[in-house]
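Coordinate analysis (summary)
So the chains spell out like this:
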Amino acid sequence: MSVQVAAPAVELKELSGPMDKAAGPPCEPVTPHPPGHGVAACSLTVTEREAAPAPSCAGERPPLSGCPGLSAAGLPPGAAKVPQASAMKRSDPHHPQHRHRDGGDSGGAAAEALVSPDGTVTEAPRTVKKIQFADQKQEFNKRPTKIGRRSLSRSISQSSTDSYSSAASYTDSSDDETSPRDKQQKNSKGSSDFCVKNIKQAEFGRREIEIAEQEMPALMALRKRAQGEKPLAGAKIVGCTHITAQTAVLMETLGALGAQCRWAACNIYSTLNEVAAALAESGFPVFAWKGESEDDFWWCIDRCVNVEGWQPNMILDDGGDLTHWIYKKYPNMFKKIKGIVEESVTGVHRLYQLSKAGKLCVPAMNVNDSVTKQKFDNLYCCRESILDGLKRTTDMMFGGKQVVVCGYGEVGKGCCAALKAMGSIVYVTEIDPICALQACMDGFRLVKLNEVIRQVDIVITCTGNKNVVTREHLDRMKNSCIVCNMGHSNTEIDVASLRTPELTWERVRSQVDHVIWPDGKRIVLLAEGRLLNLSCSTVPTFVLSITATTQALALIELYNAPEGRYKQDVYLLPKKMDEYVASLHLPTFDAHLTELTDEQAKYLGLNKNGPFKPNYYRY
């Protein structure tokens with residue numbers, strides 16, 4: 001296996017800038033509300049029943065027919081002086097000298113005194129009121145009749161994919177529990193070559209895509225080339241990535257450059273249903289919805305690949321699942337596939353394994369290790385989205401919390417920087433001495449996970465490895481410890497070991513589970529160990545623009561490369577292409593690059609237009 005740097009096959013042209021309740025005394029057992037507030041009204045049984053006369057003047061209100069302790073205006077006693085129903089008629093209920101209210105309060109009803117014309121003060125008979133709450137049990141035990149598969153708590157026997165979705169999606173709260181696979185849907189053009197949650201949500205998704213376009217200047221600039229030159233004309237791209245508004249901008253850009261696309265989701269929780277609907281409405285065959293089961297996940301990938309009269313010649317993958325499925329089910333397809341573009345550390349690792357074993361039968365482009373992916377998506381994206389994901393799911397405060405971050409690669413660096421800035425005490429675990437030294441120099445304490453597992457409040461994995469957090473670690477965690485993953489794969493936390501009879505799973509909210517031990521200890525598991533930011537929140541669009549542009553250029557490069565340029569191996573993007581992607585985003589900041597003089601370029605031995613760093617340079 002060799003890691004090679006590709007030379008661009010397509011000339012990169014300079015493009016223009018970016019396109020252009022204070023509560024009263026409680027009634028027991030609960031405080032009833034005024035009629036119309038959705039709570040059963042209380043009925044009063046008067047043991048000494050005598051008809052009360054009508055008010056002596058039109059301005060006097062009738063007594064409140066609710067609970068004692070509330071005035072006619074719904075206020076607590078003392079807030080309003082409203083006469084109660086009495087067996088005796090007052091001589092003048094409006095004269096201040098003819099009324100006296102005792103300060104005592106029994107059961108919320110105040111005693112009254114009456115003044116006779118001769119000045120004798122006598123106590124009015126008290127009405128004894130017995131409070132009953134009609135249909136109380138029925139009212140407070142009322143539950144929605146259509147619960148479907150969702151419930152507030154669940155046992156370990158339920159599927160790991162039975163999940164609520166994040167607040168980012170408009171369609172999560174739909175009561176429709178019918179599987180999209182069982183629906184017959186068509187878009188406005190009459191096509192049914194898609195499978196999404198609800199095609200009627202397309203309008204919402206289109207608005208989200210339009211917002212994302214404003215933060216993706218490079219992709220919008222690339223679209224300008226579609227007016228004449230179409231570098232992807234004839235390309236048939238099958239993709240498996242997160243289906244978000246940012247991905248939609250990428251897909252529509254690929255379409256504008258001449259490509260045909262079919263798409264599935266690489267994560268069962270990250271799909272935005274309304275965006276998937278918008279893509280389907282625009283004519284893209286999309287097979288994805290939030291909360292897929294494992295069977296749904298592979299079914300969607302198969303529907304993308306196995307279609308009569310259409311065969312892919314390019315693969316865009318995130319995690320390697322699509323590539324794995326084609327190798328497993330349709331190996332003959334690789335005879336016509338020109339290349340694979342992979343953007344995740346997990347998927348790249350799989351490609352290197354195939355290359356080492358001599359089983360990689362097409363060229364592959366490693367986007368994950370390109371500078372524009374590693375230094376921007378992995379670092380800056382995670383630096384912002386880690387806080388967003390934790391806040392949305394737990395509402396926690398970070399100041400003073402003890403956090404251990406497993407892994408100090410670019411993702412780990414971003415997470416640590418964000419948490420440190422918020423006042424958290426951050427520990428780092430690392431296997432690489434170079435990354436470990438960087439962590440120490442950045443002011444973090446390097447530890448082994450076993451040393452701090454009993455005391456930390458949050459555990460975050462971002463290694464790309466498996467079984468980083470084992471059942472032994474989970475058993476030793478403190479009560480209410482939060483456990484989450486920022487790496488692509490869901491193998492970093494041993495979630496499978498938690499699905500045992502002695503542990504109870506309890507759904508708290510969307511993507512948040514309590515796992516409860518027999519002694520009452522519980523941990524808070526986020527997104528069931530899957531990618532936190534894209535499962536539980538959103539990610540910065542501008543950073544994804546950088547990654548998506550890199551992916552688009554990698555597809556253009558592999559598709560247009562002359563035969564023989566790329567062998568059956570894994571390649572890095574040419575340095576010139578990384579620089580080109582960066583330059584497309586600079587106008588957003590009104591940034592102005594300094595240009596080398598001829599003398600300076602000669603002194604450094606560089607071309608004035610780049611590349612400015614050798615391939616071995618580490619940024």
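**Points about the overall build of the protein**
Across its full length, the protein holds 17 helices and 21 strands. When the 619 residues of the protein are sorted by exposure, 49% land in the buried category.

**Observations concerning helix 10 (residues 410-421)**
Over its twelve residues, helix 10 extends 17 Å from the first C-alpha to the last, a length consistent with the 16 Å expected when each residue adds 1.5 Å. For helix 10, a buried count of nine out of twelve residues is recorded, marking the element as mostly surrounded by other parts of the structure. All of the buried residues in helix 10 are Glu-410, Val-411, Gly-412, Lys-413, Gly-414, Cys-415, Cys-416, Ala-418 and Leu-419. Turning to helix 10, the residues buried within the fold contact helix 9 (371-394), strand 13 (402-406), strand 14 (425-429), helix 11 (433-441) and strand 16 (458-461).

**Some thoughts on the pairing of strand 16**
With burial as the criterion, each face of strand 16 is covered, one bearing Ile-458 and Ile-460 and the other bearing Val-459 and Thr-461. With four bridges joining them, strand 13 and strand 16 adopt parallel strand pairing. From the neighbouring strand, Val-403 faces strand 16, where its bridge partner is Ile-458. With four bridges joining them, strand 16 and strand 17 (residues 481-485) adopt parallel strand pairing. Paired with Thr-461 across the bridge in strand 17 is Asn-485. In this fold, the crossover linking strand 16 to strand 17 by way of helix 13 (residues 471-476) has right-handed handedness.

**Things to note about the confidence of the model for the protein**
Looking at the protein, the pLDDT average stands at 80 and 72% of residues meet or exceed 70. In the model, residues 14-112 has pLDDT below 50 throughout and makes 129 contacts with residues more than four positions away in sequence or in other chains. Low pLDDT, under 50, characterises residues 127-175; the predicted model gives this stretch 112 contacts beyond four residues in sequence or across chains.

**Digging into the state of the cysteines**
Within this structure, the stated rule accounts for zero disulfides. No disulfide involves Cys-195; its sulfur sits 5.8 Å from that of Cys-300, the nearest cysteine. Sulfur of Cys-481: no disulfide; nearest cysteine sulfur belongs to Cys-484 and is 9.3 Å away.

Calculation criteria
Residues numbered from 1 in each chain as written. Predicted model: local features only at pLDDT ≥ 70, side-chain atom pairs only at ≥ 80, totals over all residues. Heavy atoms only, no water. Helix = DSSP H or I, 4+ residues; strand = E, 2+ residues; numbered from the N terminus. Buried < 20%, exposed > 50% of the residue type's maximum accessible area, 1.4 Å probe, protein only. Expected span 1.5 Å × (residues − 1). Contact = heavy atoms within 4.5 Å. Pairing = 2+ DSSP bridges. Right-handed = clockwise from strand over helix to strand, strands pointing away. pLDDT = per-residue confidence, 0-100. Disulfide = S-S within 2.5 Å.

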